[in-house]
Amino acid sequence: MSTGKSAVATANTSKTPYQLDLSQTTKACKVLLKHINEERQRRDTEADKPNLLAQGDEDNEEETDGAEVPVWMIMTTKKHIVDQKRLKPSKISIPHSINTSPTSTICLITADPASLYRNAIDQPNFPAELRSRITRIIGLSKVKTDFKAFEARRKLFGEHDIFLADDRVVTFLPKLLGKVFYKGGSKRPVPVSISAPQERGDDGKRVKRDLSQVQKGAGVEGGRGSASPEKLAKEIEKSLGSALVHLAPGTSTAVKVGTAAMTDEEVSANIEAVVGGLTEKFVTKGWRNVRAIHIKGPETVAFPIWLANELWVEDQDVREQQKTFGKKSGSLEDGMENVKTITDGAEPATKKRKADAGVKVEDPDKHAKKKLKADKLAAEVASRKEKLKKQKQAAMAQVVDV
């Protein structure tokens, strides 16, 4: 291994400074996946006795085999994300799906009544292969009544591999399902759009639905909230091939972008898609608000794949450092301003005396001082940028080129 000039934490400046370097991202993914697989093999060879404490740990609900070890992408922003629309759980399509196992079971959480969606899935034009994977359909009211107990939630968590939730009720689930589902994040419900689109007339206004169709609700288009079987299957497949995005009102966001069974190229392509989706739709001001991007496993350190040159979003955010001096530690200039000069034995007319006498005091150097202050601020901003750039170059030179 040799030390090179290029580091993992670099940005591609050929087109724009705010862009991932795909080759460096692939190298970082290769190192991370290699470390995860080697660590799993080491544990398998050294585990002569079962860990009874780990088996009885209630909080360790997400133990999976080595192939299902998740890979996370962590994006850190410069400012908090507080927009409620952006904080709603959503998804981003990725080129390489994480849920590829044909035997994985799916639990679908829907709005009431759940029988509408059961009828739609039972229709002949719904794919039989996908129907066999959907082992349970639960309405929101049943989630409220049947899964209040902690043990009931744990049992539901362990019975299914994937959880999908109607996008109309997904915001209620964190309170109803609790930390069993939302502490780790590997089985958080992925939102899916399974409601029928609202019909609109020629004038663009919504058309009232037929009451007879509302009572029947046989999963047909225009029924009470249920989409057609073809659209329902399409939306479920789309959610299975997407990455869940669940932002918190803070500066750090973690998204599952792959598993240890995937290749480094596949994980790198998923990272590129997720980063593009986050900067375009979820992060305020896009790339300007991104501070750093890392990738990591459940028990590994975070590998940096992108770092920002500036720690602020706009240049106006950088302000001149205000320095205050006490009476004993005042600067020489401040002291000279207070020096009284006595001429011909008479006290000078100070600003306070002129103000008491009603004389308007004007500072002839007021505009010059403002201009000098602005020039100092611009020079300080440029100096900080240059210093930060040199520090980053020095840090990159110490990174081992894989």
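For the structure itself, look to the data block above.
What comes next concerns the included structure.

So, how was this worked out
Residues numbered from 1 in each chain as written. Predicted model: local features only at pLDDT ≥ 70, side-chain atom pairs only at ≥ 80, totals over all residues. Heavy atoms only, no water. Helix = DSSP H or I, 4+ residues; strand = E, 2+ residues; numbered from the N terminus. Buried < 20%, exposed > 50% of the residue type's maximum accessible area, 1.4 Å probe, protein only. Contact = heavy atoms within 4.5 Å. Areas by Shrake-Rupley, 256 points an atom, 1.4 Å probe, with all protein chains shown as cover. Expected span 1.5 Å × (residues − 1). Arc of directions from axis to C-beta. Core = buried A, V, L, I, M, F, W, Y, C linked by side-chain atoms within 4.5 Å. Phe/Tyr/Trp six-rings, centres within 6.5 Å; stacked < 30°, edge-to-face > 60°. Lys NZ or Arg CZ within 6 Å of the ring centre and 35° of its normal. Pairing = 2+ DSSP bridges. Axes fitted to C-alpha atoms, helices over the stretch in contact; angles between N-to-C directions. Parallel < 35°, antiparallel > 145°, perpendicular 65-115°, else oblique. Left-handed = near helix turned anticlockwise from the far one by under 90°. Nonpolar A, V, L, I, M, F, W, Y, C, P; charged D, E, K, R; others polar. Polar contact = N/O pair within 3.5 Å; in protein donor to acceptor, adjacent residues only side chain to side chain.

A closer look at the overall build of the protein chain
So, point 1. Helices and strands together make up the secondary structure of the protein chain, namely 15 helices and twelve strands.
So, point 2. When each of the 402 residues of the protein chain is scored for burial, the buried share is 36%.
So, point 3. Taking the contacts inside the protein chain whose residues are at least 6 apart along the sequence as the reference set, 77% of them involve residues at least 24 apart.
So, point 4. As displayed, the protein chain has an accessible area near 24900 Å², and 52% of this comes from carbon and sulfur atoms.

Observations regarding helix 11 (residues 229-240)
So, point 1. Between its first and last C-alpha atoms helix 11 spans 17 Å; for twelve residues at 1.5 Å apiece the expected length is 16 Å, and the two agree.
So, point 2. Of all the positions in helix 11, only Pro 229, Leu 232, Ala 233, Glu 235, Ile 236, Ser 239 and Leu 240 are classed as buried. Taken down its axis, helix 11 places every buried residue within 165° of arc, on the same side.

Observations concerning the side chain of Thr 25
So, point 1. For Thr 25, the location among the structural elements is in helix 1 (residues 22-46).
So, point 2. Taking the relative accessible area as the measure of exposure, Thr 25 reaches 1% and is therefore buried.
So, point 3. With residues near it in sequence (within four places) discarded, Thr 25 still touches Leu 20, Ser 268, Ile 271 and Ile 305.

Brief notes about the nonpolar core
So, point 1. Within the largest apolar cluster, 36 residues are counted, with the highest numbers of intra-cluster contacts made by Met 73, Ile 271, Val 274, Leu 278 and Ile 293.
So, point 2. The element contributing the most residues to this core is helix 12 (residues 264-282), with six residues.
So, point 3. Here Ile 271 is in contact with Leu 20, Thr 25, Cys 29, Met 73, Val 257, Ile 295 and Ile 305, once residues within four sequence places are set aside.
So, point 4. Ala 120, Ile 121, Ile 194 and Leu 240 belong to the second-largest nonpolar core, a separate cluster that totals 21 residues.

Some details on the packing of aromatic side chains
In this description, a pair of aromatic rings is defined by centroid distance and the angle of the planes.
So, point 1. Within this structure, the stated rule accounts for three aromatic pairs.
So, point 2. Among the aromatic residues, ring-to-ring pairing joins Phe 157, Phe 163 and Phe 181 into one connected group.
So, point 3. We note Lys 187 situated over the ring of Phe 157; from NZ or CZ to the ring centre the distance is 4.6 Å.

A look at the sheet that holds strand 5 (residues 134-139)
So, point 1. The four strands are arranged 5-4-6-7 in an open sheet whose pairing can be described as parallel. Two strands bound the open sheet, and with one partner strand each, they are strand 5 and strand 7 (190-192). For this sheet, the mean angle separating the axes of adjacent strands, direction not counted, is 25°.
So, point 2. With respect to the sheet, helix 11 is in contact with strand 4 (106-110), strand 5, strand 6 (162-166) and strand 7, its orientation differing from that of strand 7 by roughly 155°.

Concerning the sheet that holds strand 10 (residues 290-296)
Sheet strands line up and pair through hydrogen bonds in the backbone, either parallel or antiparallel.
So, point 1. The four strands lie next to each other as 9-2-10-11, forming an open sheet whose pairing is antiparallel. Sheet topology places strand 9 (252-259) and strand 11 (303-307) at the edges, where each strand pairs with a single neighbour. The mean inter-strand angle of the sheet, taken between neighbouring strand axes irrespective of direction, is 20°.
So, point 2. When strand 2 (residues 70-77) meets strand 9, the two strands line up antiparallel, connected through seven bridges. The partner of Pro 70 across the bridge, within strand 9, is Thr 259.

Focus: the packing of helix 1 against helix 12
So, point 1. Contact pair helix 1 / helix 12: the axes reach a minimum separation of 8 Å and the direction vectors enclose 125°. Overall, the two elements helix 1 and helix 12 adopt an arrangement that is oblique. In this structure, the crossing between helix 1 and helix 12 has a hand that is right-handed. Between helix 1, through Leu 22, Thr 25, Thr 26, Cys 29, Lys 30 and Leu 33, and helix 12, the contact on the second element is made entirely by Asp 264, Glu 265, Val 267, Ser 268, Ile 271 and Glu 272.
So, point 2. Across the contact of helix 1 with helix 12, the residue classes break down as five nonpolar, three polar and four charged.

Examining the pairing of strand 11
So, point 1. Pairing of strand 10 with strand 11, which is carried by four bridges, proceeds in the antiparallel orientation. Its bridge partner being in strand 11, His 294 is matched across the sheet by Pro 304.
So, point 2. Taking the residues between adjacent antiparallel strands as the criterion, strand 10 and strand 11 are bridged by six residues.

Quick notes on the side chain of Thr 77
So, point 1. By the element assignment, Thr 77 lies in strand 2.
So, point 2. Within the local environment of Thr 77, its side chain forms a polar contact with the backbone oxygen of Lys 79, the two atoms lying 2.9 Å apart.
So, point 3. Dropping the residues within four chain positions of it, Thr 77 is found in contact with Gly 250, Thr 251, Val 283, Asn 289, Val 290 and Arg 291.

A few points about unusual backbone geometry
So, point 1. The peptide bond linking Asp 112 to Pro 113 adopts the cis configuration, its omega dihedral lying at -5°.
So, point 2. Note that Pro 113 resides in the loop between strand 4 and helix 4 (115-121).
So, point 3. Unusually for a residue other than glycine, Lys 285 sits at a positive phi of about 65°.

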